[in-house]
Amino acid sequence: QPHLVESGGGLVQPGGSLRLSCAASGFTSGFYAIGWFRQAPGKEREGVSCSSSSDGSTYYADSVKGRFTISRDSARNTVYLQMNSLRPADTALYLCAAASRVGATVRAMCIRGDYDYWGQGTQVTVSS
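To keep things clear, this report deals only with the structure shown in the data block. These numbers come from a predicted model, not from an experiment.

Re the sheet that holds strand S7 (residues 68–73)
Turning to step 1, where the next piece is worked out: Pairing is antiparallel in the open sheet, where four strands are placed in the order S1-S3-S8-S7. Edge positions in the open sheet fall to strand S1 (3–7) and S7, since each of these has one partner strand only. On average, adjacent strands in this sheet sit at an angle of 15° to one another, irrespective of strand direction.
Turning to step 2, where the next piece is worked out: Where S7 and strand S8 (residues 78–83) come together, six bridges link them in antiparallel fashion. Counterpart to threonine 69 in the pairing with S8 is glutamine 82.

Here's what the structure looks like:
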């Protein structure tokens, strides 16, 4: 059974950095796309950054563009989200998600949240 586990969250001061990890297991046939989303109380889930496993194309939400970077270690089935210049508005539960099929661009999938498998999330709190 596919399973995703996030880690790396924590408390960080504004302007600081964190690196989140998403370890994937049970994807016997692999996955086509993976992405990072975040949820904050009172706010809609937001697609932060998503990546295609096939061609490496990426998408970043405007709110994080230039500050966050998604990357992956295919050998370890792990995806990372490097978060720099963190702001209090970045405070949220960060979840990774994977898609077994891709029927649209990664950008569209990330905006829509069209992913099949979701982790439980790791909390990121940006506060002074």
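Having put the structure on the table, let's press on.
Comments concerning the state of the cysteines
Where two cysteines share a covalent bond between their sulfur atoms, that bond is called a disulfide.
Turning to step 1, where the next piece is worked out: Taken as a whole and judged by the stated rule, the model has two disulfides.
Turning to step 2, where the next piece is worked out: The partner cysteine of cysteine 22 in its disulfide is cysteine 96, sulfur to sulfur 2.0 Å. The disulfide joining cysteine 22 to cysteine 96 has a torsion of about 65° about its S-S bond and is therefore right-handed. With cysteine 22 in strand S3 (residues 18–25) and cysteine 96 in strand S9 (residues 92–99), this pair connects stretches of sequence that are 74 residues apart. By the burial criterion, cysteine 22 is buried, and cysteine 96 matches it.
Turning to step 3, where the next piece is worked out: Sequence-ordered numbering of the bonded cysteines in the protein chain yields a pairing of 1-3, 2-4.

Things to note about the pattern of salt bridges
Turning to step 1, where the next piece is worked out: All chains considered together, the criterion is met by five salt bridges.
Turning to step 2, where the next piece is worked out: Note that aspartate 90 and arginine 38 form a salt bridge whose closest N and O atoms lie 2.9 Å from each other. On the criterion of sequence distance, the pair formed by aspartate 90 in the loop between S8 and S9 and arginine 38 in strand S4 (residues 33–39) is long-range, its members being 52 residues apart.
Turning to step 3, where the next piece is worked out: Assessed through its relative accessible area of 2%, aspartate 90 is described here as buried.
Turning to step 4, where the next piece is worked out: On the basis of relative accessibility, which here comes to 7%, the residue arginine 38 falls in the buried class.
Turning to step 5, where the next piece is worked out: Members of the salt-bridge network, linked through shared partners, are Arg38, Glu46, Arg67 and Asp90.

Points about the side chain of serine 52
Turning to step 1, where the next piece is worked out: Within the secondary structure layout, serine 52 lies in strand S5 (residues 46–52).
Turning to step 2, where the next piece is worked out: When sequence neighbours within four positions are dropped, the list of residues in contact with serine 52 reads Tyr32, Ala33, Ser57 and Val106.

Some words on the packing of aromatic side chains
Turning to step 1, where the next piece is worked out: Across all of its chains, the model carries three aromatic pairs by this definition.
Turning to step 2, where the next piece is worked out: Between phenylalanine 37 and tyrosine 115, the ring centres sit 5.3 Å apart and the planes meet at 75°, which makes this aromatic pair edge-to-face. Separated by 78 residues along the polypeptide, phenylalanine 37 in strand S4 and tyrosine 115 in the loop between helix H1 (106–112) and strand S10 (117–118) bring together distant segments of the chain.
Turning to step 3, where the next piece is worked out: For tyrosine 115, a relative accessible area of 7% puts it in the buried group.
Turning to step 4, where the next piece is worked out: Centre to centre, the rings of phenylalanine 37 and tryptophan 118 are 4.8 Å apart; their planes meet at 55°, and the pair counts as tilted. Taken together, the residues phenylalanine 37 in strand S4 and tryptophan 118 in strand S10 connect sequence positions 81 residues apart.
Turning to step 5, where the next piece is worked out: Under the relative-accessibility criterion, tryptophan 118 is labelled partly exposed at 28%.

Calculation notes
Residues numbered from 1 in each chain as written. Predicted model: local features only at pLDDT ≥ 70, side-chain atom pairs only at ≥ 80, totals over all residues. Heavy atoms only, no water. Pairing = 2+ DSSP bridges. Helix = DSSP H or I, 4+ residues; strand = E, 2+ residues; numbered from the N terminus. Axes fitted to C-alpha atoms, helices over the stretch in contact; angles between N-to-C directions. Disulfide = S-S within 2.5 Å. Buried < 20%, exposed > 50% of the residue type's maximum accessible area, 1.4 Å probe, protein only. Salt bridge = Lys/Arg side-chain N within 4 Å of Asp/Glu carboxyl O. Contact = heavy atoms within 4.5 Å. Phe/Tyr/Trp six-rings, centres within 6.5 Å; stacked < 30°, edge-to-face > 60°.

Without other data, these values stay purely geometric and don't point to any function.
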